[in-house]
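Observations on the model geometry
Listed below are the residues making up each chain.
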Amino acid sequence: QVQLVESNGGLVQAGGSLRLSCAASGRTFDDYAVAWFRQAPGKEREFVAAITGSGRGTYPSDSVKGRFTISRDNAKNTVYLQMNSLKPEDTGVYFCAADHSFNELINSRAIYWGRGTQVTVSS
């Protein structure tokens, strides 16, 4: 079993930065690929970025590439999402998810999900 808890969302002006954290329980955390998703009210959940279990492979979506960076520290059981040059359209609830299968993960079918943290970007 893996439990995920997102934190460090908040309010920021356009052009600003935030660093989200996803803290995980379990001693086999490095066996799981992890991804960030986001969802705005009334819209479908959107893939943001994914990272392999080792942290050596990172896969940002086209909409955030060059602005967001996903990373992980397996010694701390934590995955991060560094968000720079934020835009109002980045607003939403950000979720982290984990799965042994990278394919299932990036297609929004992960087994484990956090409850989300709110990110609001003002113009």
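In the block above lies the structure referred to throughout.
Residues numbered from 1 in each chain as written. Predicted model: local features only at pLDDT ≥ 70, side-chain atom pairs only at ≥ 80, totals over all residues. Heavy atoms only, no water.

1. Overview of the packing of aromatic side chains
- Counted under the stated rule, the structure contains four aromatic pairs.
- Arranged with centres 5.9 Å apart and planes meeting at 75°, the rings of Y32 and Y112 form a pair that is edge-to-face. One end of the pair, Y32, is in the loop between β3 (18-24) and β4 (33-39); the other, Y112, is in strand β10 (residues 112-113), and 80 residues separate them in sequence. Accessibility assignment for this pair places Y32 and Y112 in one class, buried.
- Clustering of aromatic rings is evident, with ring pairs tying together F37, F47 and W113.
- Cation over ring: R19 sits above Y80, and NZ or CZ is 4.0 Å from the ring centre.
- The ring of F29 is capped by R72, whose NZ or CZ atom sits 4.4 Å from the centre of that ring. (Phe/Tyr/Trp six-rings, centres within 6.5 Å; stacked < 30°, edge-to-face > 60°. Helix = DSSP H or I, 4+ residues; strand = E, 2+ residues; numbered from the N terminus. Buried < 20%, exposed > 50% of the residue type's maximum accessible area, 1.4 Å probe, protein only. Lys NZ or Arg CZ within 6 Å of the ring centre and 35° of its normal.)

2. What to know about unusual backbone geometry
- The backbone phi angle of N8 is positive, close to 75°, even though this residue is not glycine.
- Note that N8 resides in the loop between β1 (4-7) and β2 (10-13).
- A relative accessible area of 46% places N8 in the partly exposed class.
- In this structure, S85 takes a positive phi of about 50° despite not being glycine.

3. Quick word on the sheet that holds strand β7 (residues 68-73)
- Spatial strand order, β1-β3-β8-β7: four strands in an open sheet with antiparallel pairing. Lying at the two open borders of the sheet, with one neighbouring strand each, are β1 and β7. Geometrically, the sheet is characterised by an average inter-axis angle of 15° between neighbouring strands, direction not taken into account.
- Bridge count for β3 against strand β8 (residues 78-83) is six bridges, and the pairing is antiparallel. Considered in β8, the bridge of L20 is made with L81. (Pairing = 2+ DSSP bridges. Axes fitted to C-alpha atoms, helices over the stretch in contact; angles between N-to-C directions.)

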